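A look at the structure
Residues per chain, in single letters:
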Amino acid sequence: MATPDGAAPGLPVLPAAAGLRQRRWRCRRGLKELDILLLRFVDRAGPGLSLDEWAAFDRILDLPDPQLARHLLADDAPADPGLAPLLDRIRNTPF
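Residues numbered from 1 in each chain as written. Predicted model: local features only at pLDDT ≥ 70, side-chain atom pairs only at ≥ 80, totals over all residues. Heavy atoms only, no water.

Describing the packing of aromatic side chains
Aromatic ring pairs: the centre-centre distance and the angle between the two ring planes describe each pair. Quick reminder of the rule: When two rings of Phe, Tyr or Trp (its six-membered ring) have centres within 6.5 Å they constitute a pair, described as stacked for plane angles under 30 degrees, edge-to-face for angles over 60, and tilted for the intermediate range. For the purposes of this entry, the term helix denotes a DSSP run of H or I that reaches at least four residues, the term strand denotes a run of E that reaches at least two, and both are numbered from the N terminus. For every residue, the accessible area obtained with a 1.4 Å probe (protein chains only) is divided by the maximum for its type, and the residue is called buried under 20%, exposed over 50%, and partly exposed between those limits. Look at NZ for Lys and CZ for Arg. If either is within 6 Å of the ring centre and within 35 degrees of the ring normal, a charge sits over the ring.
Evaluation of the coordinates by the stated rule reveals two aromatic pairs. Both rings, one in Phe41 and one in Phe57, keep their centres 5.6 Å apart while their planes meet at 35°; by these two values the pair is tilted. Separated by 16 residues along the polypeptide, Phe41 in helix 2 (residues 32–45) and Phe57 in helix 3 (residues 51–61) bring together distant segments of the chain. Taking the relative accessible area as the measure of exposure, Phe41 reaches 1% and is therefore buried. Residue Phe57 is classed as buried on the basis of its relative accessible area, which comes to 0%. Positioned above the aromatic ring of Phe95 is the side chain of Arg40, whose terminal nitrogen or guanidinium carbon lies 4.0 Å from the ring centre.

Spelled out as structure tokens, the structure:
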């Protein structure tokens, strides 16, 4: 039997367009530099992210702006080592 969204039970469901829009909105921060890095990443890499990567991205978006700026602009290592690979991808997403 399918779930309400039409997926088979137990199978991962990729983010819907509404989920992408919500994440794009959450990428709008207090610093223009963060806006640019985060939105560029979502627009270019977002459609290909796995569910685990989306979960890590959501944890990144939960960080306060000063901490996120240190991670993305000053290459400061995060306390959660699981975020480091995705932070590196965000930082290095081509324009």
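Considering the packing of helix 2 against helix 5 (residues 84–91)
To keep things clear, this is the line we draw: To get an axis, fit a line to the C-alpha atoms, keeping to the stretch in contact for a helix; angles then go from 0 to 180 degrees between the N-to-C directions. Roughly parallel here means an angle under 35 degrees, roughly antiparallel means over 145, roughly perpendicular means 65 to 115, and every remaining angle is called oblique. Throughout, a contact is declared for two residues whenever any of their heavy atoms are within 4.5 Å. In this count, Pro and Cys sit with the nonpolar residues alongside Ala, Val, Leu, Ile, Met, Phe, Trp and Tyr, while Asp, Glu, Lys and Arg are called charged and the others, Gly among them, polar.
Packing of helix 2 against helix 5 brings their axes to within 9 Å, and their N-to-C directions diverge by 95°. Judged by the angle between their axes, helix 2 and helix 5 are roughly perpendicular. Touching Leu37, Leu38, Arg40, Phe41 and Ala45 of helix 2 are Leu86, Arg89, Ile90 and Arg91, all from helix 5. When the residues that make up the contact of helix 2 with helix 5 are grouped by side-chain class, the tally is six nonpolar, no polar and three charged.

Quick notes on the nonpolar core
Side chains of nonpolar character tend, in soluble globular proteins, to be buried together. Selection criterion: Put simply, a nonpolar core is a bunch of buried Ala, Val, Leu, Ile, Met, Phe, Trp, Tyr and Cys residues held in one set by side-chain atoms that sit within 4.5 Å of each other.
Grouped together as the largest cluster of nonpolar side chains are 22 residues, with contacts concentrated most on Leu38, Phe57, Leu68, Leu72 and Ile90. Listing elements by their share of this core, those giving two or more residues are helix 2, helix 3, helix 4 (65–73) and helix 5. Ranked by the residues each element gives to this core, the list is headed by helix 2, at seven residues.

A short note on the environment of Trp54
Its place among the elements puts Trp54 in helix 3. Owing to a relative accessible area of 2%, Trp54 belongs among the buried residues under this scheme. C-alpha separation for the pair Trp54 and Leu86, spaced 32 residues apart in sequence, amounts to 9.6 Å.

Points about the packing of helix 2 against helix 4
Stated formally: Crossing chirality is assigned from the near helix's rotation relative to the far helix, an anticlockwise turn below a right angle marking it left-handed and a clockwise turn marking it right-handed.
Packing of helix 2 against helix 4 leaves a shortest axis separation of 10 Å and a crossing angle of 65°. Where helix 2 crosses over helix 4, the handedness of that crossing is left-handed. Contacts from Glu33, Leu34, Leu37 and Leu38 of helix 2 reach helix 4 at Asp65, Leu68, Ala69, Leu72 and Leu73. Broken down by class, the residue content of the contact of helix 2 with helix 4 amounts to seven nonpolar, no polar and two charged.

Let's talk about the pattern of salt bridges
Our working rule: Salt bridges are counted wherever a side-chain nitrogen of Lys or Arg sits within 4 Å of a carboxyl oxygen of Asp or Glu.
Overall, the coordinates contain 10 salt bridges when judged by the stated rule. A salt bridge links Arg23 to Asp58, with the shortest nitrogen-to-oxygen separation between them at 2.9 Å. With Arg23 in helix 1 (residues 17–26) and Asp58 in helix 3, this pair connects stretches of sequence that are 35 residues apart. Relative accessible area serves as the criterion here: at 13%, Arg23 is assigned to the buried category.

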